[in-house]
Structure formats: C-alpha cells, structure tokens
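Chain by chain, the residues:
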Amino acid sequence: MTETIFTHSWLLFLPGRAVAGTALALVIAGLAWRAGSLRRSGSVAAVLCGALCAIGGWGWAFLLVVYFTAASALSRAGAREKQLRSERIVTKGGARDIAQVLANGGIYSVAAALTAVIWSPCLAWGAVGALAAASADTWATEIGIWLGGTPRSIISGTYVRTGESGGVTVAGMLGSVAGTAWVGAAAVALGFPRGLGLASVIAGMGGAITDSILGATIQDRRWCDACAEPTERAVHLCGCATRRVGGIQWIDNDVVNLLSTLAGFALGVIVYGVSRTFLSWGAID
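Residues numbered from 1 in each chain as written. Predicted model: local features only at pLDDT ≥ 70, side-chain atom pairs only at ≥ 80, totals over all residues. Heavy atoms only, no water.

Asker: Please give an account of empty space enclosed by the protein that cites residues and values.
Answerer: Taking a probe equal in size to a water molecule and rolling it over the atoms shows the remaining empty space. Taken as a whole and judged by the stated rule, the model has one cavity of 30 Å³ or more. Its volume calculated, the largest cavity comes out at about 320 Å³. Residue lining of the largest cavity: 22 residues in total, with Ala 46, Cys 49, Gly 50, Leu 64 and Phe 68 positioned closest to the centre. Of the residues in the lining of the largest cavity, the class split is 16 nonpolar, five polar and one charged. (1 Å grid on protein atoms, 1.4 Å probe; cavity = no way out; pocket = protein on both sides within 12 Å on 5 of 7 lines; lining within 4 Å. Points joined across faces, edges and corners; volume = space filled by probe spheres on them. Nonpolar A, V, L, I, M, F, W, Y, C, P; charged D, E, K, R; others polar.)

Printed below as a string of structure tokens:
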C-alpha cells in the first residue's frame, strides 16, 4: 500500500477524517436514497461503511464509492425486465436494505478502517479481495438476470429458474470478471499496488463462485405448492405460504453474500502470501 494510505502518522488525522468521511457518506447515501438505490436502513449502513473507510484513508472511501456507483447503475439498468424475470424467486430487489449493504460492504469497510492502526499488507489485499467478490457477485447477478438467458445450476448443470440461487450463465460469469476488473482497475488508479489488480480478479472470482456454490447447497430453498415452482419467499406472490425443501433455514441470500465476501477476503490474503513467495524467488518483478 502506498505511503498515503499506510502510515501511522495518519493516526493524528483520524478524528477529523472520520467526521469528514461521515459527512461525505451522508451526502452520497442521501442521494442514493432519493434515487431509489437505498432504503432508509440501507442508507444508515452506507453511512457507517463510508465512515469506516474514511478512517482507513480516502483511497478506501473512494474505492467503495466506485464500487457502489457501478452496482447502483447496473441495478437500475433493465430494472423492470429483471424484476419480471426474477420476482417470483427472489425476496429482495431494487433498493438495498441494511442487511444487503453490510453483507456486501461490511467486511471491506471494517478491514479498511483497521489498516489505519494495523500495518498489514495482508489486511489490505484481503479488503480489496472482499470488495472484488461483492462486485463480482453484483455484476454477475444483474447482468446474468438481464442478459443471460436460462441459467444452469453450478452444482448439477441442470437448468434452473432465472433468479434461483446457484444458477449461472455465460453472461453472468463474464459479468463477474468485469466486476472484479472494475474494482482492480479502480484500486490501481487510486494508488494501490499494481499486484492488487490481478489479486482482485482471482479473489473476486473465487468469492463469486463460492457464492453460487453456497446458494445451490446450503441457502434456504423453498417451494410453492400452489404454483409448483421454487422460490426464496416465505409467502409466494400468489399469497400462499411456501415450504422449505432444502438448505439451512437461517441462511438467506444476505448470509451467503457475507460468506462470499469473507471468502474473497481470505483469497486476497492467500494471493498476497503466494505473490510474496514468488517475489522472494525472483519470479515476479
């Protein structure tokens, strides 16, 4: 990490930066709420994440803004069409609530704040890996539902309904790569080490694949007998209560997203460790 992001001299400026970061986050969250990208609870979570990132340094805060701006734009693109294709399956869509915001940005924000007091490149690489995983999943979901056609289960390879957890499409996978590259390129442009560009792709894709696997295996899966179709809703759009047919009851999509960003964090740390090993051998410039 560059000197402007990682140095204990920044500790002197933490209170002021926290206040300024909170003020900036309030403005951005307010605009996002008015635009319909965040619910009220999501706005509160966004302010918290923004303040934490600002404590770590402005580079962390701006990287979060870059991620959120792209994610919001993708969510709005073809929104009506995506809703019609997936609303019978998914429980949430459109404006993000507090659980969605924290599931996608919580680990990154906490790690970013910790870099202000803990000198650890592993922490930095893990943080970017976590955000890249969130970006990969968001881009894959938005692009896959919008342009991907009928998805296949990442486990069995059989066709599943659009919006069903664990389903993947070629368009969605390409979206994952684009989402990780977006975070990696932005990180490098903001002064993070160039190696983080490649690390973000590896960690982000690993996190996105983890998300799909967990979604297909342990996420709560339900069935509407009246409509004879799968769903994540406790009460289906037809008004009938659904029954659980698989997965673990308390593991919903938000929990899966949190676990996938945790996987991205871990992979970012692993990639850093491997890169340091190769550097010591002189294999990487």
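And the narrative resumes.
Asker: Describe the nonpolar core, listing the residues and the values that go with them.
Answerer: Within the largest apolar cluster, 36 residues are counted, with the highest numbers of intra-cluster contacts made by Trp 60, Leu 63 and Tyr 108. Mapped onto this core, the elements with two or more residues apiece are helix 1 (14-34), helix 2 (40-56), helix 3 (58-76), helix 5 (98-114), helix 6 (121-147), helix 7 (170-189), helix 8 (195-217) and helix 9 (253-281). Among the elements that line this core, the one with the most residues is helix 6, at eight residues. If sequence neighbours within four positions are ignored, Tyr 108 has contacts with Cys 53, Trp 60, Leu 63, Leu 64, Ala 127, Val 128, Ala 130 and Leu 131. (Core = buried A, V, L, I, M, F, W, Y, C linked by side-chain atoms within 4.5 Å. Buried < 20%, exposed > 50% of the residue type's maximum accessible area, 1.4 Å probe, protein only. Helix = DSSP H or I, 4+ residues; strand = E, 2+ residues; numbered from the N terminus. Contact = heavy atoms within 4.5 Å.)

Asker: Quick rundown of the environment of Ala 181? Include the residues and the values.
Answerer: Examined against the element boundaries, Ala 181 turns out to sit in helix 7. Residue classification places Ala 181 among the partly exposed positions, given a relative accessible area of 36%. Spatially, the C-alpha atom of Ala 181 lies 23 Å from that of Ala 113, the residues being 68 residues apart in sequence.

Asker: A description of the pairing of strand 3 (residues 221-224) should follow, citing residues and the corresponding values.
Answerer: Only one face of strand 3 is covered, namely the face carrying Arg 222 and Cys 224; the face carrying Arg 221 and Trp 223 is uncovered. Bridging between strand 3 and strand 5 (residues 243-246) involves three bridges; their strand directions are antiparallel. Within strand 5, the residue paired with Arg 221 across the bridge is Gly 246. In this structure, strand 3 lies alongside strand 4 (residues 229-231), joined through three bridges in antiparallel fashion. Its bridge partner lying in strand 4, Trp 223 is registered against Pro 230. Between strand 3 and strand 4, which follow one another and run antiparallel, lie four residues, and Ala 228 among them has a positive phi close to 55°. (Pairing = 2+ DSSP bridges.)

Asker: Pulling in residues and values, what's your account of the packing of helix 3 against helix 7?
Answerer: Two elements in contact, helix 3 and helix 7, have axes whose closest approach is 10 Å; the angle formed by their N-to-C orientations is 150°. Overall, the two elements helix 3 and helix 7 adopt an arrangement that is roughly antiparallel. Here helix 3 and helix 7 pass one another in a crossing that is right-handed. Contacts between helix 3 and helix 7 pair Leu 63, Val 66, Tyr 67 and Ala 70 from the former with Trp 182, Val 183, Ala 186 and Ala 187 from the latter. Looking at the contact of helix 3 with helix 7 residue by residue, the class counts come to eight nonpolar, no polar and no charged. (Axes fitted to C-alpha atoms, helices over the stretch in contact; angles between N-to-C directions. Parallel < 35°, antiparallel > 145°, perpendicular 65-115°, else oblique. Left-handed = near helix turned anticlockwise from the far one by under 90°.)

Asker: I'd like a rundown of unusual backbone geometry, residues and numbers included.
Answerer: Its identity is not glycine, yet Ala 228 carries a phi of approximately 55°, on the positive side. Its place among the elements puts Ala 228 in the loop between strand 3 and strand 4. Taking relative accessible area as the criterion, Ala 228 reaches 45% and is therefore assigned partly exposed.

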